[in-house]
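If you want the building blocks of each chain, they are given just below.
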Amino acid sequence: MASLSLRQIGKIYQGGVIGAKDVNLEIEDKEFIILVGPSGCGKSTTLRMIAGLEEISEGELYIGDKLVNDVAPKDRDIAMVFQNYALYPHMTVFDNMAFGLKLRKVPKDVIKEKVHEAAKILDIEHLLDRKPKALSGGQRQRVALGRAIVREPKVFLMDEPLSNLDAKLRVQMRAEITKLHQKLGTTVVYVTHDQTEAMTMGTRIAVMKDGYLQQCATPIELYDEPVNVFVAGFIGSPQMNFINVTVEKKEDGVHLVNDSLDVKLPEGKGNREELAEYFGKEVIMGIRPENIYEDEAHIASIPDGIVNVEVDITEMMGSETYLYLKLGSTPITARVNRRTTAKSGDAIKAVFDINKIHLFDKDTEGAIIH
């Protein structure tokens, strides 16, 4: 296996259009790293540069300790799994999986052994004589994975491999790919726009926007300590609520105030020196839906976080309920107990968990405190 080192790599298209810019990433051997972001953010471009399918305009790319900027894709010892599987329709599953090895003139008995071994891992041994058109989407995806596995590459690259599958199969294949990674101990770079996929599969997640890497961290770090408003809003479902507030220092502590709320920060947050320069200024407050409550116990225990809201819509999700609320003119979402009695049109009290408030600079949108 191998580590990967992306050193300020970028792709600039004709006319100065940025595909990716200044991407710095150190990917460790056997790591499962996910590139995530909205469409057009540069994640697939970055993956294609690693694969050698896209020329690198600037920076250096190392696989292990070898500079590979000018190395042909076939000589980079990587395997790529595409969104559309890219199987040969006229070949059987066995021949599809064996194709890369045949090109390398690997002996027939070795090919047979490797294909059967990979098929066993993926539970597709009974499909080896079929052609792709006789397979379901999930089976085709397993064949595409099998074709990559038999080559025993240094690095696996996966470009949205589950996006063509239905929701139930996606969840199942997510678990399969995670197990596969643990079993094979390979280095995996995986591209997706689905943040649930990213949060559940990756050892680290690299969040991209407009061609630039925003933050690369473990799922829990991204969730608890996002570096800016974009990362905070992209990671988490439903997304973080953002409310414009003014930071006011009062006799009893630091308050966040606007026309519709006045909540007091706990001492540990209010006394942070990073906050001092924002006294009297407007900032963006972020709070996740699961940190807003409307039950009496929480309201009684967090008096400094109480707000008055109006219930717009309720959505019963089975194990929990989403409340879409109006805080003055600002829409916010709360994830609450399924047994809530709140209904559309109600004016109710809610409470923010003041220990879980995030603050961001209004101009730069960078994080101030978490």
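So, a few notes on the structure that sits alongside this text. (Residues numbered from 1 in each chain as written. Predicted model: local features only at pLDDT ≥ 70, side-chain atom pairs only at ≥ 80, totals over all residues. Heavy atoms only, no water.)

With that settled, the discussion passes to the packing of helix α2 (residues 93-103) against helix α3 (residues 108-122). Taken N-terminus to C-terminus, the directions of α2 and α3 make an angle of 130°; their axes are 10 Å apart at the nearest point. With respect to their mutual orientation, α2 and α3 come out oblique. Of the two possible hands of crossing, α2 and α3 adopt the one that is right-handed. For the pair formed by α2 and α3, the contact residues are Phe94, Met97, Ala98, Leu101 and Lys102 on the first element and Ile111, Lys112, Lys114, Val115, His116, Ala118 and Ala119 on the second. (Axes fitted to C-alpha atoms, helices over the stretch in contact; angles between N-to-C directions. Helix = DSSP H or I, 4+ residues; strand = E, 2+ residues; numbered from the N terminus. Parallel < 35°, antiparallel > 145°, perpendicular 65-115°, else oblique. Left-handed = near helix turned anticlockwise from the far one by under 90°. Contact = heavy atoms within 4.5 Å.)

Here we take up unusual backbone geometry. In the segment running from serine 237 into proline 238, the intervening peptide bond is cis, with an omega of -10°. Tracing the chain through its elements places proline 238 in the loop between α8 (229-234) and β11 (241-250). For aspartate 123, which is not glycine, the phi torsion reads 60° and is therefore positive. Along the chain, the position of aspartate 123 falls in the loop between α3 and α4 (137-150). Phi angles above zero are rare outside glycine, and glutamate 160 is one such case at about 45°. Mapped onto the elements, glutamate 160 comes out in the loop between β7 (155-159) and α5 (167-184).

So, on to the sheet that holds strand β4 (residues 58-63). Strands sit in the order β2-β1-β4-β5 across an open sheet of four strands; the sheet is antiparallel. Strands at the two margins of the open sheet, each flanked by one partner only, are β2 (18-27) and β5 (66-67). The pairing of strand β1 (residues 4-12) with β2 spans six bridges and is antiparallel. For isoleucine 9, the partnering residue across the bridge sits in β2 and is valine 23. Along the sheet, helix α1 (residues 43-51) contacts β1, β2 and β4; its crossing angle with β1, the most-contacted strand, is approximately 115°. (Pairing = 2+ DSSP bridges.)

Summarising the element assignment, alanine 232 is placed in helix α8. Of the residues examined, alanine 232 reaches a relative accessible area of 0% and is grouped as buried. A C-alpha to C-alpha distance of 7.7 Å links alanine 232 and leucine 222, two positions 10 residues apart in sequence. Every residue in contact with alanine 232, bar those within four places of it in the chain, is listed here: Pro226, Met240, Phe242, Arg288 and Phe360. (Buried < 20%, exposed > 50% of the residue type's maximum accessible area, 1.4 Å probe, protein only.)

We now examine the pairing of strand β3 (residues 32-36). Of all five residues making up β3, five are buried, and the element is well covered by its neighbours. Burial along β3 is two-sided: the residues Phe32, Ile34 and Val36 and Ile33 and Leu35 are all buried. Direction of pairing for β3 relative to strand β8 (residues 187-192): parallel, over a ladder of five bridges. Counterpart to leucine 35 in the pairing with β8 is valine 191. Note: β3 against strand β9 (residues 204-209), four bridges, orientation parallel. The residue bridging valine 36 from the neighbouring strand is valine 207, located in β9.

With respect to the helices, strands and loops of the structure, arginine 7 is situated in strand β1. Along the primary structure arginine 7 and glutamate 26 are separated by 19 residues, whereas in three dimensions their C-alpha atoms are 8.2 Å apart. Other than its neighbours up to four places away in sequence, arginine 7 contacts Val23, Asn24, Glu26, Gly59, Glu60 and Tyr62. Within the structure, arginine 7 has its side chain in polar contact with the side chain of serine 5 (distance 2.8 Å). (Polar contact = N/O pair within 3.5 Å; in protein donor to acceptor, adjacent residues only side chain to side chain.)

Time to look at the packing of aromatic side chains. On inspection of all chains with the given rule, the structure shows four aromatic pairs. Aromatic pair phenylalanine 32 and tyrosine 190: ring centres 5.8 Å apart, planes at 40°, arrangement tilted. In this pair, phenylalanine 32 is assigned in strand β3 and tyrosine 190 in strand β8, connecting sequence segments 158 residues apart. Judged on exposure class, the residue phenylalanine 32 and its partner tyrosine 190 are both buried. An angle of 70° between the planes, with centres 6.1 Å apart, marks the rings of phenylalanine 242 and phenylalanine 360 as edge-to-face. (Phe/Tyr/Trp six-rings, centres within 6.5 Å; stacked < 30°, edge-to-face > 60°.)

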